[in-house]
Amino acid sequence: MAVRPGEARDETRFIADHWAAIWRREGGPAKAIADVTRAEEYRAIAPILGALPAGARVLDGGCGLGAWTQAMRARGFDAVGLDIAEETVAELKRLFGGESFRVGDIRATGLPDASVDFYFSWGVFEHFEDGQQACLREAHRLLKPGARLAISVPFDNLRHALSGAGAPAAETPRAPMRFYQWRLTRRELARELALAGFEVESIRPIGKTSGLQRALRGLGRFAPPMARALAPAVPAAAIAHMLLAVGRKPV
């Protein structure tokens, strides 16, 4: 999320309340931990994880409920979950121990240079009004030479063009709004990674069924089954919800 001068406390409060609400709704991270290995993101990074040695330092940037951090620790990695939501991190520490989670801003983590073997962050880098560069440059600083970063961000594709989601603000009702997120094309995401010093290894669309559900939300309860039925026939490039990118810090 964006933080303007003088608004840091309010923004942190907003994020903390957001994750506290998710915690109450989801009942904590237990179910999510079991689901991690079935996620598209997990399948995408499995080759990277398989090449890491036991005890490798793994950073989960914007860890939320901590499910991914705990899944990485279960695989034998020295995984740390970083998040700005203090109450959520406090609860995660209570459940899992103080070494696994810490409060911090992914734009300025305070962690040592070249101290991380693998960094991943799902659906976080887009939530800063001034763009992704502060997050990407900090990730580049933290990673060891040759180490990789994997991130997911919302995909700006045909689905949004057809829905009119990008209509100019002047055409929408005037109301106070909080900045929410950026959407990026493949080319834009590749450019952001390159500007921060990364070699782009791959960028792929993920979340095709999720994107279809959003496109069909007007169908109400019929949207999920319709999305599952249509997903095999619809190109991911046109409808997927997110982009997953892997970048490598040069040696």
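Within any chain, residue numbers begin from 1 and follow the written order of that chain's sequence. Under the rules for a predicted model, residues below a pLDDT of 70 receive no local features and side-chain atom pairs below 80 are neither given nor counted, while totals for whole chains, interfaces and linings still include all residues. To obtain the side-chain values, all non-hydrogen atoms of the structure were used and water was disregarded.

Colleague: Explain the overall build of the protein chain here, please?
Modeller: Counting from the N terminus, the helices are DSSP H or I runs at least four residues long and the strands are E runs at least two residues long. Counting its regular elements, the protein chain contains 11 helices and seven strands. Burial analysis of the protein chain (251 residues in total) assigns 45% to the buried set. Expressed as a percentage of contacts within the protein chain between residues at least 6 apart in sequence, the contacts between residues at least 24 apart total 74%. Each residue is assigned to one of three classes by its accessible area relative to the maximum for its type, calculated with a 1.4 Å probe on protein chains only: buried under 20%, partly exposed between the two thresholds, exposed over 50%. Any two residues whose heavy atoms approach within 4.5 Å are treated as being in contact.

Colleague: How should the environment of Ala79 be read in this particular structure?
Modeller: One can find Ala79 in strand S2 (residues 78–83). Residue Ala79 is classed as buried on the basis of its relative accessible area, which comes to 2%. When the C-alpha positions of Ala79 and Phe101 are compared, they lie 8.6 Å apart, and in sequence the two are 22 residues distant. Dropping the residues within four chain positions of it, Ala79 is found in contact with Val58, Thr69, Met72, Arg73 and Ser100.

Colleague: Can you help me understand helix H4 (residues 67–74) in this one?
Modeller: Within H4, six of the eight residues are buried, which leaves the element mostly enclosed by the surrounding structure. Of all the residues in H4, the buried ones are Ala67, Trp68, Thr69, Gln70, Ala71 and Met72. Downstream of H4 by one or two residues, Gly76 has phi in the positive range, about 95 degrees.

Geometry only, nothing functional implied.
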